[in-house]
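Summary of the model geometry
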Amino acid sequence: MNWYDKLNEYFPVEEMKSRTHMETLLAEKEGIYGKDEGPDHVLMYAEFDDFLFVDYLYVSSESRGQGLGGKLIRKLKAKGKPVILEVEPVDYVDTDTSKRLKFYAREGFCHARRIGYSRRSLATGEKNDLEILYWSPDGAGEEAVEQAIFNGMRRTYEEIHTYKDADFYGVSYEPADAVFDFHRKQEQKEDLLEPFAV
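Structure report, in brief. Model, not experiment: these values are computed from the prediction.

Re the nonpolar core
Leu7, Met22 and Phe180 are the most contacted members of the largest nonpolar core, which totals 34 residues. Looking at this core, the elements with two or more residues in it are α1 (3–10), α2 (19–28), β2 (41–47), β3 (52–59), β6 (115–120), β8 (131–135), α5 (142–161) and α7 (176–179). Sort the elements by how many residues they give to this core and α5 lands first, with 6 residues. Those residues within four positions of phenylalanine 180 in sequence are excluded, and the remaining contacts are Ile115, Gly116, Tyr117, Phe150, Met153, Arg154 and Tyr157. Val59, Leu76, Val83 and Leu193 belong to the second largest nonpolar core, which has 22 residues in total.

Next up, the structure:
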């Protein structure tokens, strides 16, 4: 099974980019959009000057629990930049979501509680609420980094998620202003990772 089929089998349709979209990113955003692939994993990520974004992280079911995911995340952390990713809110029917959150909590990630992120899937037409997690190399708290994480997510959305979207899907995604909100501190969400903290 090739790298795209592995991702497509594991991730829900509303989260997947098309094969053409991803292959175009790899070809046209060389040096920014990258792939780390092995027999038991696929990691798709974007590296900018001041942060990294994890687009997809897949570890085969046979290899889970053996430290491979942590090794891949530590490889990104070693670059010394903040690492950002998006996750689904906890779904207690889908045990993978809580396992995923437990993994990222163990890896030292924080929940960007002031960022609202809701985008429409071009595949299903439905709005999907997603949460942003981040790891900061200097251990800076949320006050210091959440505005930078917000700016990084908007940049990722505009340069990666919606890159040539009309060409690939026949329609465009919503503009970033319609997808992201930066809440005041008193409006921030409950910490998604707190129940999984070690």
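Describing the sheet that holds strand β9 (residues 180–182)
What the 3 strands build is an open sheet, ordered β7-β6-β9; its pairing is antiparallel. In the strand order of this sheet, the two ends are held by β7 (127–129) and β9, each with one partner. Strand-to-strand twist across the sheet, computed as the mean angle between neighbouring axes with direction ignored, equals 20°. Sheet topology places β6 next to β9; 3 bridges connect them, and they run antiparallel. The partner of tyrosine 117 across the bridge, within β9, is phenylalanine 180.

Some remarks on the pairing of β3
Within β3, 8 of the 8 residues are buried, which leaves the element mostly enclosed by the surrounding structure. Pairing of β2 with β3, which is carried by 7 bridges, proceeds in the antiparallel orientation. Bridging from a neighbouring strand, valine 42 pairs with tyrosine 58 of β3. Here β2 folds back onto β3, and the loop between the two strands holds 4 residues. As paired strands, β3 and strand β4 (residues 83–87) are joined by 3 bridges and run parallel to one another. Bridge assignment links leucine 52 to a residue of β4, and that residue is valine 83. On the question of chirality, the crossover connecting β3 to the parallel β4 by way of helix α3 (residues 68–77) is right-handed.

A look at the pattern of salt bridges
Under the definition given, this model contains 17 salt bridges. Between glutamate 37 and lysine 35 there is a salt bridge, with its nearest N and O atoms 3.3 Å apart. The exposure class assigned to glutamate 37 is partly exposed, which follows from its relative accessible area of 41%. Residue glutamate 88 pairs with arginine 100 through a salt bridge whose shortest N-O separation is 3.0 Å. Of the two residues, glutamate 88 sits in the loop between β4 and α4 (95–106) while arginine 100 sits in helix α4, which places them 12 residues apart along the sequence. Owing to a relative accessible area of 21%, arginine 100 belongs among the partly exposed residues under this scheme. Shared partners join several salt bridges into a network, and the residues in it are Lys29, Arg155 and Glu159.

What counts, and where the lines are drawn
Residues numbered from 1 in each chain as written. Predicted model: local features only at pLDDT ≥ 70, side-chain atom pairs only at ≥ 80, totals over all residues. Heavy atoms only, no water. Core = buried A, V, L, I, M, F, W, Y, C linked by side-chain atoms within 4.5 Å. Buried < 20%, exposed > 50% of the residue type's maximum accessible area, 1.4 Å probe, protein only. Helix = DSSP H or I, 4+ residues; strand = E, 2+ residues; numbered from the N terminus. Contact = heavy atoms within 4.5 Å. Pairing = 2+ DSSP bridges. Axes fitted to C-alpha atoms, helices over the stretch in contact; angles between N-to-C directions. Right-handed = clockwise from strand over helix to strand, strands pointing away. Salt bridge = Lys/Arg side-chain N within 4 Å of Asp/Glu carboxyl O.

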